[in-house]
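Architecture and fold: a report
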2 protein chains.
Amino acid sequence: MATSPRTRLDPEARRAQLVGLGLQMLATLPLDRVAVDDIAAEAGISRGLLFHYFPTKRDFHVAVARAAAREMLARTETDPALDGVAQLRAGVAAFVDHVAANRDAYVAFIRGSAGGDPELLAVYEETRAAFSQRVLAGLGAADDPPPRLRAAVRGWVAFTEELTVDWLGRGDLDRDELIDLIDDALVALVAAATGDPGAHGLRQ
Amino acid sequence: MATSPRTRLDPEARRAQLVGLGLQMLATLPLDRVAVDDIAAEAGISRGLLFHYFPTKRDFHVAVARAAAREMLARTETDPALDGVAQLRAGVAAFVDHVAANRDAYVAFIRGSAGGDPELLAVYEETRAAFSQRVLAGLGAADDPPPRLRAAVRGWVAFTEELTVDWLGRGDLDRDELIDLIDDALVALVAAATGDPGAHGLRQ
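Notes on the structure follow. Everything numeric in this text was worked out from a predicted model, so none of it was measured. (Residues numbered from 1 in each chain as written. Chains lettered and ligands numbered in written order. Predicted model: local features only at pLDDT ≥ 70, side-chain atom pairs only at ≥ 80, totals over all residues. Heavy atoms only, no water.)

1. Notes on the relation of the copies chain B and chain A
Threshold: Alignment of the copies relies on least squares applied to C-alpha atoms, considering only residues that score at least 70 for pLDDT in both. The contact definition used throughout considers only heavy atoms, calling two residues in contact when any of these lie within 4.5 Å.
Take chain B, turn it by 180 degrees, move it 0.0 Å along the axis, and it overlays chain A with an RMSD of 0.0 Å. Here the symmetry operator amounts to a two-fold rotation axis. A shared interface surface links the copies, since 100% of the contact residues of chain B are contact residues in chain A too.

Now the structure itself:
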């Protein structure tokens, strides 16, 4: 190893530090441009020591993607004491603001910087599934949802991602108009999927 | 060059042949796994000659992606003599069937095998924009659509891609149920975006 660590950290703390630095970089860079050399330099450790914790650059990127997904899910968690519409609105607003604050990383994520990597694709798939599941739970349909409803909610997650990324590049709607449209879309899609305009207490 | 061409073709015809072979391979392989060596062998030309037409593997992949996008748009073209609902249904059915027939390539496309490549991302972006524009034209709103309607249609294209790829991996809806749901979703989203349930002649 070329240099010794500036600070001695136990393995768990070191891994967490490195992933945390990756997350910080991800705010302004797409994942595939987060360089392990920069991370090692920032942490004051050698490239060799970084590779001790993450055997390949890809392992590191997968760990950062998992952490980003966990952070996204945590940031968009809503107060279960709110009613359905208020929870939906709060969750969508948190999503839009989080994506806006982490623009490059999320545009790259949503626009596909996974490059066909199965582990990264799995992280993205799990994140979308977790969002869908959360929405279904908010609709009181977490267990065994009807296939049309499950599919419509799943599609709405993609709709939301697409609109948010598209909006970042345009701005022909303001933030609140974007959030209104995404909320209205879920209400409309749930009604269309279930055939019941008042289904699941979403009608305002 | 190691071998001479089995058949002499003029440059345009040779390029078209190579891209056509790439398209055939794309039916069963994601783009990033379409190997130029296999294409050259199939065409009976040397790797060197292929690189004469496409200086890099990436140039070849971009050309194949463009051809795949054009093919997708051509296959999903609908008869303008049909009314709005019938055109929508025909276009969605053609999209679902085309994706099902080219499963691996489109799953990889939609799930992001662009790997952050700007030219490939541009092809995908142009394809989504062309789909959106076609739907807006079908709604009589091709020119200067209201921002909410434009965004909702754009999001519906992503919704449709997501549902189709998700459906390929599940099959909890049959083909016609999937198409119904996608059609119903557009009607619902247009109504939600415009505030008019009968807007644009889509109400059945």
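2. Considering the interface of chain B and chain A
For the record, the criterion: Computed with a 1.4 Å rolling probe, the buried area is the accessible surface lost when two parts are put together, summed over both parts. Salt bridge criterion: a side-chain nitrogen from Lys or Arg within 4 Å of a carboxyl oxygen from Asp or Glu. Any N or O atom pair separated by 3.5 Å or less is treated as a polar contact, with the protein-specific requirement of one donor-capable and one acceptor-capable atom, and with residues adjacent in sequence counted only for side-chain atom pairs. What counts as a helix is a DSSP run of H or I of at least four residues, what counts as a strand is a run of E of at least two, and both are numbered from the N terminus. Here the nonpolar group is Ala, Val, Leu, Ile, Met, Phe, Trp, Tyr, Cys and Pro; Asp, Glu, Lys and Arg are the charged ones; every other residue, Gly included, is treated as polar.
Contact residues are listed per partner, giving 35 residues for chain B and 35 residues for chain A. Of the roughly 2800 Å² buried at the junction of chain B and chain A (both faces included), carbon and sulfur atoms supply 60%. There are eight salt bridges connecting chain B and chain A. Two residues, Asp166(A) and Arg150(B), come together in a salt bridge whose shortest N-O distance is 2.7 Å. Counting the contacts that link chain B with chain A gives eight residue pairs in polar contact (both at pLDDT 80 or more). Contributions of two or more residues to the side of chain B that touches chain A are made by helix 7 (118-138), helix 8 (147-168) and helix 9 (175-194) of chain B. Among the elements that take part in the side of chain B that touches chain A, helix 8 of chain B stands out by supplying 13 residues, more than any other. In terms of residue class, the side of chain B that touches chain A is made up of 16 nonpolar, five polar and 14 charged.

3. Quick notes on the nonpolar core
Note the cut-off: Only buried residues count toward a nonpolar core, which is a set of Ala, Val, Leu, Ile, Met, Phe, Trp, Tyr and Cys residues joined through side-chain atoms within 4.5 Å. Between buried and exposed lies partly exposed: a residue is buried under 20% and exposed over 50% of the maximum accessible area for its type, with that area taken using a 1.4 Å probe on protein chains only.
Formed by 126 residues in total, the largest nonpolar core has its most connected members in Leu18(A), Trp156(A), Leu18(B) and Trp156(B). The contact partners of Leu18(A), leaving out residues within four places of it in the chain, are Ile39(A), Ala43(A), Ile45(A), Leu50(A), Tyr53(A), Phe54(A) and Phe60(A).

4. Quick look at the packing of helix 5 (residues 84-101) of chain B against helix 8 of chain B
Residues and elements named next belong to chain B. Selection criterion: Lines fitted to the C-alpha atoms define the axes, with helices restricted to the stretch that makes contact. Angles between their N-to-C directions range from 0 to 180 degrees. Orientation labels follow simple angle bins: below 35 degrees gives roughly parallel, above 145 gives roughly antiparallel, 65 to 115 gives roughly perpendicular, and whatever is left gives oblique. Working rule for handedness: look at the near helix, and if it is turned counterclockwise from the far one by less than a right angle, call the crossing left-handed; if clockwise, right-handed.
Where helix 5 meets helix 8, the closest approach of the two axes is 10 Å, and the angle between their N-to-C directions is 45 degrees. Comparing their axes, helix 8 and helix 5 come out oblique. Pair helix 5 / helix 8 crosses with right-handed handedness. Residues Leu 88, Val 92, Phe 95, Val 96, Val 99 and Ala 100 of helix 5 pack against Trp 156, Thr 160, Glu 161, Thr 164, Trp 167 and Leu 168 of helix 8. Of the residues assigned to the contact of helix 5 with helix 8, the class counts are nine nonpolar, two polar and one charged.

5. Some words on the pattern of salt bridges
Residue and element names in this part refer to chain B. Scanning the model with the defined rule gives 34 salt bridges over all chains in all. The closest approach of N and O atoms between Arg 75 and Glu 71, which form a salt bridge, is 3.0 Å. Note that Arg 75 and Glu 71 are positioned in helix 4 (residues 57-75) at a spacing of four residues, about one turn of the helix. Its salt-bridge partner being Arg 170, residue Asp 166 comes within 3.5 Å of it at the nearest N-O pair.

6. Thoughts on the environment of Leu189(A)
Tracing the backbone shows Leu189(A) in helix 9 (residues 175-194). Once the C-alpha coordinates of Leu189(A) and Arg148(A) are considered, the two residues, 41 residues apart in sequence, prove to be 9.9 Å apart.

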